Amino acid sequence: MKRSYDTIATFYDRLARIIYGNTLMNAQIYLLKKIPPNSRILIAGGGTGWILEELSRIHPSGLSITFIDISPKMIALASARNVGGNKVAFVTAPIQDISFPNDFDVVITPFLLDNFSEETLKVIFLKIDTSLATKGLWLFCDFQNTAIWWQRTVLKIMYLFFRTFCGVEAEKLPHINEAFEQNSYTIKEEKAFISGFVMARVYEKISHSL
Ligand SMILES: C[S@@+](CC[C@H](N)C(=O)[O-])C[C@H]1O[C@@H](n2cnc3c(N)ncnc32)[C@H](O)[C@@H]1O
């Protein structure tokens, strides 16, 4: 069977905290605060689902959430979370295989897009783009290439680790910013973490992409 995040699901959050402290969580919490009440939300690659508990602290009810992850173990952990009064539908599948109606108000891709080769990124970007309503928000956070030597080294080690243990296909960061630039997105707000190594951005979809 192909390796996936199943192999590290039970200790993924601890691992992320050991390496990055609270930064990866803080980048996501920054984005969650931008979500309007009563939104229909797609969370893609949501991992262990701690984000659902954080969301329920900000919006105790009224949200309608579709939470998708390719890893059955991640979905099992996420399903056990306290989601408050929000409605959550869990989907265990590669996002590229699922068709959604194009009516999400918000999509969230927390540290998802860095997993893919340029070719797969194109497919997944289009899939998520199609699911987001015009004027909807794409809450994006991920790593970025910087000129800082230790950050470049950490990124290389991360790819080696995730390719070996989780079967991640990418060997380096794909051109994610360019995907947003080439499609119909505008940056509404952004925040850099660890000198720009991690970037959180609120993109607004200004029209349907071509
Ligand atoms: C780096 S982890 C991030 C987890 C979580 N967002 C977080 O920040 O704690 C990437 C997640 O994306 C999921 N994933 C990878 N490829 C996927 C795909 N094609 N479709 C859906 N989920 C995927 C993995 O199973 C994993 O849970």
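Further up the page is the structure itself.
Residues numbered from 1 in each chain as written. Predicted model: local features only at pLDDT ≥ 70, side-chain atom pairs only at ≥ 80, totals over all residues.

Asks: Any details on the site of the ligand? Residues and values, ideally.
Replies: Taken together, 18 residues are adjacent to the ligand, and Tyr 5, Gly 45, Gly 47, Ser 71 and Pro 110 come closest. Across the shell around the ligand, the residue classes break down as 11 nonpolar, six polar and one charged. (Near = placed C-beta within 6 Å. Nonpolar A, V, L, I, M, F, W, Y, C, P; charged D, E, K, R; others polar.)

Asks: Tell me what's going on with the packing of helix 2 (residues 23-32) against helix 3 (residues 50-58), and back it up with residues and numbers.
Replies: Between helix 2 and helix 3, the least distance of the axes is 10 Å, while the angle of their chain directions is 40 degrees. Taken together, the axis directions place helix 2 and helix 3 in an arrangement best described as oblique. The handedness of the crossing between helix 2 and helix 3 comes out as right-handed. Within the contact between the two elements, helix 2 uses Gln 28, Ile 29 and Leu 32 and helix 3 uses Ile 51, Glu 54, Leu 55 and Ile 58. The residue inventory of the contact of helix 2 with helix 3, partitioned by class, reads five nonpolar, one polar and one charged. (Axes fitted to C-alpha atoms, helices over the stretch in contact; angles between N-to-C directions. Helix = DSSP H or I, 4+ residues; strand = E, 2+ residues; numbered from the N terminus. Parallel < 35°, antiparallel > 145°, perpendicular 65-115°, else oblique. Left-handed = near helix turned anticlockwise from the far one by under 90°. Contact = placed C-beta atoms within 7 Å.)

Asks: An account of unusual backbone geometry is needed here, citing residue identities and associated values.
Replies: Backbone geometry at Phe 111 places phi at a positive 55 degrees, although glycine is not the residue there. Position of Phe 111 relative to the elements: it lies in the loop between strand 4 (104-110) and helix 5 (118-131). For Phe 111, a count of 17 C-beta atoms within 10 Å gives the class partly exposed. Located in the positive-phi region is Ile 194, a residue other than glycine, with phi close to 45 degrees. Topologically, Ile 194 is positioned in the loop between strand 6 (185-193) and strand 7 (198-205). Accessibility expressed as a C-beta count within 10 Å gives 18 for Ile 194, which makes it partly exposed. (Buried ≥ 20, exposed ≤ 12 C-beta atoms within 10 Å, placed from the backbone.)

Asks: Break down the nonpolar core for me, with residues and values.
Replies: Soluble globular proteins: nonpolar side chains tend toward being buried together. Among the nonpolar cores identified, the biggest contains 47 residues, and Ile 41, Ile 43, Ala 44, Val 107, Ile 108, Trp 138 and Leu 139 are the most heavily contacted of them. If you tally residues by element for this core, the top one is strand 5 (residues 132-143), at seven residues. Among all residues touching Ile 41, those that are not within four sequence positions of it are Ile 35, Leu 63, Ile 65, Phe 104, Asp 105, Val 106 and Ile 108. (Core = buried A, V, L, I, M, F, W, Y, C linked by C-beta atoms within 7 Å.)

Asks: Give me the sheet that holds strand 3 (residues 85-92): which residues, what numbers.
Replies: Spatial strand order, 3-2-1-4-5-7-6: seven strands in an open sheet with mixed pairing. Whereas interior strands pair on both sides, the edge strands pair on one side only; in this sheet they are strand 3 and strand 6. Put simply, the sheet's adjacent strands are angled 15 degrees from each other on average, direction ignored. Pairing between strand 6 and strand 7: eight bridges, direction antiparallel. For Lys 191, the partnering residue across the bridge sits in strand 7 and is Ala 200. Against the sheet, helix 5 contacts strand 1 (40-44), strand 4 and strand 5, and its axis sits at roughly 150 degrees relative to strand 4. (Pairing = 2+ DSSP bridges.)

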